[in-house]
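Secondary and tertiary structure notes
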Amino acid sequence: MRLEETVAQLQRRVGELEDRLALMQLLATYGPAVDSGAAEPAAGLWTDDGVYDVDPEVLRGRAAIAGMVTGEGHQRLIRAGAAHLQGLPHLQVDGDRAVATAYSQLVLRDEATDGFRVWRTGVNRWEFTRTPGGWQVTHRTNRQLNGAAEARELLYQAVAPPSTG
Amino acid sequence: MRLEETVAQLQRRVGELEDRLALMQLLATYGPAVDSGAAEPAAGLWTDDGVYDVDPEVLRGRAAIAGMVTGEGHQRLIRAGAAHLQGLPHLQVDGDRAVATAYSQLVLRDEATDGFRVWRTGVNRWEFTRTPGGWQVTHRTNRQLNGAAEARELLYQAVAPPSTG
Amino acid sequence: MRLEETVAQLQRRVGELEDRLALMQLLATYGPAVDSGAAEPAAGLWTDDGVYDVDPEVLRGRAAIAGMVTGEGHQRLIRAGAAHLQGLPHLQVDGDRAVATAYSQLVLRDEATDGFRVWRTGVNRWEFTRTPGGWQVTHRTNRQLNGAAEARELLYQAVAPPSTG
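Bear in mind the structure is a predicted one, so any value in this text is a computation, not a measurement.

Parameters at a glance
Along every chain, residues carry numbers that run from 1 in the direction the sequence is written. As a convention, the first chain written is A and the first ligand written is 1, with the rest following in written order. Owing to the predicted nature of the model, reporting of local features is limited to residues with pLDDT of at least 70; listing and counting of side-chain atom pairs is limited to 80 or more, with chain, interface and lining totals taken over all residues. Note that water and hydrogens are dropped before the side-chain values are worked out from all heavy atoms of the structure. Whether two residues touch is decided by their heavy atoms; if any such pair falls within 4.5 Å, the residues are in contact. Buried area: the accessible surface (1.4 Å probe) lost by two parts on joining, summed over both. Each reported salt bridge corresponds to a side-chain nitrogen of Lys or Arg within 4 Å of a carboxyl oxygen of Asp or Glu. Strands are treated as partners if at least two bridges between them are detected by DSSP. The numbering of helices and of strands both runs from the N terminus, where a helix is a DSSP run of H or I of at least 4 residues and a strand a run of E of at least 2. Superposing copies: least-squares fit, C-alpha atoms only, residues required to have pLDDT of at least 70 in both. Between rings of Phe, Tyr and Trp, where Trp is taken as its six-membered ring, a pair exists when centres lie within 6.5 Å; planes separated by under 30 degrees are stacked, by over 60 edge-to-face, and by other angles tilted. Using a 1.4 Å probe on the protein chains alone, a residue whose accessible area is under 20% of its type maximum counts as buried, one over 50% counts as exposed, and one in between counts as partly exposed. We call a set of buried Ala, Val, Leu, Ile, Met, Phe, Trp, Tyr and Cys residues a nonpolar core when their side-chain atoms join them within 4.5 Å. Axis lines are fitted through C-alpha atoms, for helices just across the contact stretch, and the angle between N-to-C directions can take any value from 0 to 180 degrees. Roughly parallel refers to an angle under 35 degrees, roughly antiparallel to one over 145, roughly perpendicular to one between 65 and 115, and oblique to any angle outside these ranges. Working rule for handedness: look at the near helix, and if it is turned counterclockwise from the far one by less than a right angle, call the crossing left-handed; if clockwise, right-handed. Classes in brief: Ala, Val, Leu, Ile, Met, Phe, Trp, Tyr, Cys and Pro nonpolar; Asp, Glu, Lys and Arg charged; the others, Gly included, polar.

Quick look at the interface of chain A and chain C now. Taken together, the contact pairs 40 residues of chain A with 30 residues of chain C. With both chains or domains summed, chain A and chain C bury close to 2900 Å², and 68% of this area falls on carbon and sulfur atoms. Of all residues in chain A, Leu21, Gln25 and Phe116 of chain A give up the largest surface area on contact with chain C, accounting jointly for 21% of the area buried on that side. Residue arginine 13 of chain C is joined to glutamate 18 of chain A by a salt bridge in which the shortest nitrogen-to-oxygen separation is 2.8 Å.

Below, the structure is given as structure tokens:
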């Protein structure tokens, strides 16, 4: 291969690695944003019209997502002690679109036991678009792993063999 | 350094980064596969004759691993709500072989508390080989962190200074 | 762009990716070191005079950090079954300095329930310096997410917009 071609190929490979690390960083930003009550940094992970579908609520647009963070329910959680943990993501990047499939947990301070309890454990499908300012979330679906088929179907989408035909 | 040498060095460095991200992706695939009941994608993470040693069982080969996923015990767990979480892996890559050391947890829906409980927390040593189709697992050992020395020894292998002599 | 410039730019980009993966690896080494009781590998993650501020204790220097690992309190935890889990880190690299913001959990074997319980869930700010031997920790602050403002402030530092002026 000519040197120019090798370098062009390296640029593509490095770009793909940068994409994957940028998506990991985005997921790693969500918890610190919401658990510190930082509504604008949390909402800013989404596009202007991005959606956070967190059964039974569907938050549409940054203002709705910011409103969740500043809302009394969320504020009460973080004043008592809360951690929104994101698991190691399964990543699929396709040009200017990407999907991450990752578990999330909401862990709460539990005064009764001087410890913490796992209140929520769910699966998330994060859909991203590449923007001039970097990757942003267009749609996040969160479903609890409570035995409902919908959560298992979200997980399956990450591992299903590509359809043929 | 001549430009050709610099580019060759970059190719090696990029290859090493790609290896590490591919191994992370493999670990991030295990949970979505088993928690959605997708036996073939789960078993396909291993080589044909790969081993999953999950005390007290030792599953040998893909059929045995797929059989664990389709088995009644596992199916009952995921129908009630289960998350097989994998921690941030410690990675050691050496040519066409690699090892990941990572915690794992099995978190179950707990109707009694309207929450979740951590049923299992273990340490895993994943051994990989590079195949034409990418990295695959040759051997995974999982040991519970229940105070037994064996779990601590698996962890120690990741951090022990290289032996001299 | 001339080929030489493109290659020089690739070297910088690859160096940044290597930094981020090295910092992830460092965080992924902490748990295996302390949970196997490996005092030297644990303390060696810090610089000679590195600090681990883990409220209410402030451990100053490698000997103090090693002493925590070999101390009776820690040894009792790991003999009963303990996992020091680190979450997906939010990373900020700036030349030869870096910061990781990540959740941590201490999960303990719980004989009473034949399971595990989450005893501690905190937020960590890890500060690093680049040394000839790789990245090392200069300061780690760990604060429990028990509702105190200090933990939320550590999280906020990761997501706060850069100050202007």
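Moving on from the model shown.
A word on the pairing of strand β4 (residues 90-94) of chain A. Residues and elements named next belong to chain A. Sheet topology note: the β4/strand β5 (residues 97-110) ladder contains five bridges and is antiparallel. By the bridge assignment, aspartate 94 is partnered in β5 with arginine 97. A loop of two residues connects β4 with β5, the two strands running antiparallel in sequence, and glycine 95 in this loop sits at a positive phi of about 65°.

The next subject is the pattern of salt bridges. Following the criterion strictly, the structure yields 42 salt bridges over all chains and no others. The residue glutamate 111 of chain B makes a salt bridge to arginine 109 of chain B at a minimum N-O spacing of 3.7 Å. Of the charged contacts in the structure, one is a salt bridge between arginine 2 of chain C and glutamate 4 of chain C, with a shortest N-O distance of 3.3 Å. A single network of salt bridges, built from pairs that share partners, joins Arg109, Glu111 and Asp114 of chain A together with Arg120 of chain C.

The transform that puts chain A on chain C rotates by 120° and translates by 0.0 Å along the axis, for an RMSD of 0.0 Å. Here the symmetry operator amounts to a three-fold rotation axis.

Turning our attention to the packing of aromatic side chains. On inspection of all chains with the given rule, the structure shows 18 aromatic pairs over all chains. For the ring pair tryptophan 126 of chain B and phenylalanine 128 of chain B, a centre distance of 6.4 Å and an interplane angle of 0° mean the geometry is stacked. Summarising the burial analysis for this pair, tryptophan 126 of chain B and phenylalanine 128 of chain B share the class buried. Arranged with centres 6.0 Å apart and planes meeting at 65°, the rings of tyrosine 30 of chain C and tryptophan 46 of chain C form a pair that is edge-to-face.

Time to look at the interface of chain C and chain B. Listed by partner, the interface residues are 40 residues for chain C and 30 residues for chain B. With both chains or domains summed, chain C and chain B bury close to 2900 Å², and 68% of this area falls on carbon and sulfur atoms. On the chain C side of the contact with chain B, Leu21, Gln25 and Phe116 of chain C bury the most area, a combined 21% of that side's loss. The tally of links between chain C and chain B comes to two salt bridges.

Let us now look at the nonpolar core. Trp126 and Phe128 of chain A, Phe128 of chain B together with Phe128 of chain C are the most contacted members of the largest nonpolar core, which totals 108 residues. With 33 residues, the next largest nonpolar core counts Val107 of chain A together with Phe116, Leu145 and Leu154 of chain B among its residues.

All names here are of chain C. Of all 14 residues that make up strand β5 (residues 97-110), 13 are buried, and the element is covered over most of its length. By the bridge criterion, five bridges tie strand β3 (residues 82-86) to β5 in an arrangement that is antiparallel. Each bridged residue has a counterpart across the sheet, and for alanine 83 the counterpart in β5 is valine 107. Pairing between β5 and strand β6 (residues 115-131): 14 bridges, direction antiparallel. Looking across to β6, one finds that arginine 109 is bridged to phenylalanine 116. Connecting the antiparallel pair β5 and β6 is a turn made up of four residues, with aspartate 114 showing a positive phi of about 50°.

Here the focus is the packing of helix α1 (residues 3-35) of chain A against helix α1 (residues 3-35) of chain B. At their nearest, the axes of α1 of chain A and α1 of chain B sit 10 Å apart, and the two run at 30° to each other. By the angle between their directions, the pair α1 of chain A and α1 of chain B is classed as roughly parallel. The two elements α1 of chain A and α1 of chain B cross, and the hand of that crossing is left-handed. Here Leu3, Thr6, Val7, Gln9, Leu10, Arg13, Val14, Leu17, Arg20, Leu21 and Met24 of chain A of α1 of chain A come into contact with α1 of chain B, specifically with Leu3, Glu4, Val7, Leu10, Gln11, Val14, Gly15, Leu17, Glu18, Leu21, Met24 and Gln25 of chain B. When its residues are assigned to classes, the contact of α1 of chain A with α1 of chain B shows 14 nonpolar, five polar and four charged.

Don't take any of this as a statement about function, it's just geometry.
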